Amino acid sequence: MKKIIMMAVMAVAALSASAQVWIGGEVGFGSTHTNGWSTEKTFTIQPEVGYALSDKFDVAIALGYSYASDKEYKEGGKYKYYSNANSWEIKPYVRYKFVKAGNFFAFVDGGLNYETTHVKGEAKNWNSFGVSFAPGIAYAVSNKVTLVSHLGEGLYYSHDWKNYDENQFYDNFHANSVGFKLFNQVTFGAYYNF
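Residues numbered from 1 in each chain as written. Predicted model: local features only at pLDDT ≥ 70, side-chain atom pairs only at ≥ 80, totals over all residues. Heavy atoms only, no water.

Trainee: Help me understand empty space enclosed by the protein in this model?
Mentor: One water molecule sets the probe size; rolling that probe over the atoms shows where empty space is left. Under the counting rule described, the total for this entry stands at one cavity of 30 Å³ or more. Each pocket or cavity is described by its volume, and for the largest cavity that value is around 50 Å³. Residue lining of the largest cavity: Lys-91, Tyr-93, Asp-109, Gly-110, Gly-111, Ser-132, Ala-134 and His-150, and that is the complete set. Put simply, the parts of the chain that give the lining of the largest cavity at least two residues each are strand 4 (79–101), strand 5 (104–119) and strand 6 (126–140). (1 Å grid on protein atoms, 1.4 Å probe; cavity = no way out; pocket = protein on both sides within 12 Å on 5 of 7 lines; lining within 4 Å. Points joined across faces, edges and corners; volume = space filled by probe spheres on them. Helix = DSSP H or I, 4+ residues; strand = E, 2+ residues; numbered from the N terminus.)

Here it is as structure tokens:
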């Protein structure tokens, strides 16, 4: 047992010696206006911390918060329906950097995510678990600062569910989604490398 613990400590120490820690995050804003009768706005903030394991691979974990509001209008410009929702997300991922040109590089993040969303006025939360591969680009301003942008959700699978809610008549709702989205929500951020 002592040998296993000692080998694990040595492996972690070797990994830490070669890894470069970074912290940062992204913010995003989206607005959708449909045929003059519906407006949806979203705001997202996602701080994260990661390790650069090599020139090609990083591992990281992101914690996200987002707010969404939805208004539907009737004639005369007044809205007849309004809702807002708060979401919290945890997302561990691996980043693969595959194209480099000067200080620019392209990457894809492959990860898992769990999200829970509370809609105002509903007793139970909506939940989602998923897997995604999201593309992005980055620019190294210096050895310490890197600017990043994700270019949409990429390729994803998600399983969404909500337990029974007697006020909203949902009876253990479940849904599966598979898709590929580019540029549906572009986010910008920065990292500081230690």
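Trainee: Quick question: what am I supposed to make of the environment of Tyr-65 here?
Mentor: With respect to the helices and strands, Tyr-65 occurs in strand 3 (residues 57–73). Take Tyr-65: its relative accessible area is 26%, and that puts it in the partly exposed class. For the pair Tyr-65 and Thr-44, spaced 21 residues apart in sequence, the C-alpha separation works out to 5.8 Å. Setting aside anything within four residues of it in sequence, one finds Tyr-65 in contact with Phe-43, Thr-44, Ile-45, Asn-86, Ser-87 and Trp-88. A distance of 2.4 Å separates the side chain of Tyr-65 from the side chain of Asn-86, its partner in a polar contact. (Buried < 20%, exposed > 50% of the residue type's maximum accessible area, 1.4 Å probe, protein only. Contact = heavy atoms within 4.5 Å. Polar contact = N/O pair within 3.5 Å; in protein donor to acceptor, adjacent residues only side chain to side chain.)

Trainee: Please explain the packing of aromatic side chains as it appears in this structure.
Mentor: How two aromatic rings sit relative to each other is set out by the distance from centre to centre and by the angle between their planes. Applying the stated criterion across every chain, the model contains seven aromatic pairs. Seen from their ring centres, Tyr-96 and Phe-98 are 6.2 Å apart, and the 20° between their planes marks the pair as stacked. The exposure class assigned to Phe-98 is partly exposed, which follows from its relative accessible area of 41%. Against the face of Phe-107 rests Arg-95, its NZ or CZ located 4.0 Å from the ring centre. (Phe/Tyr/Trp six-rings, centres within 6.5 Å; stacked < 30°, edge-to-face > 60°. Lys NZ or Arg CZ within 6 Å of the ring centre and 35° of its normal.)

Trainee: When you look at the nonpolar core in this model, what are you seeing that I'm missing?
Mentor: Nonpolar side chains in soluble globular proteins generally cluster together in the buried interior. Grouped together as the largest cluster of nonpolar side chains are nine residues: Trp-22, Ala-52, Ala-60, Tyr-93, Phe-105, Phe-107, Ala-138, Val-148 and Tyr-191. The contacts of Trp-22, once residues within four sequence positions are left out, are Glu-48, Val-49, Gly-50, Tyr-51, Ala-52, Asp-58, Ala-60, Tyr-93, Tyr-191, Tyr-192, Asn-193 and Phe-194. (Core = buried A, V, L, I, M, F, W, Y, C linked by side-chain atoms within 4.5 Å.)

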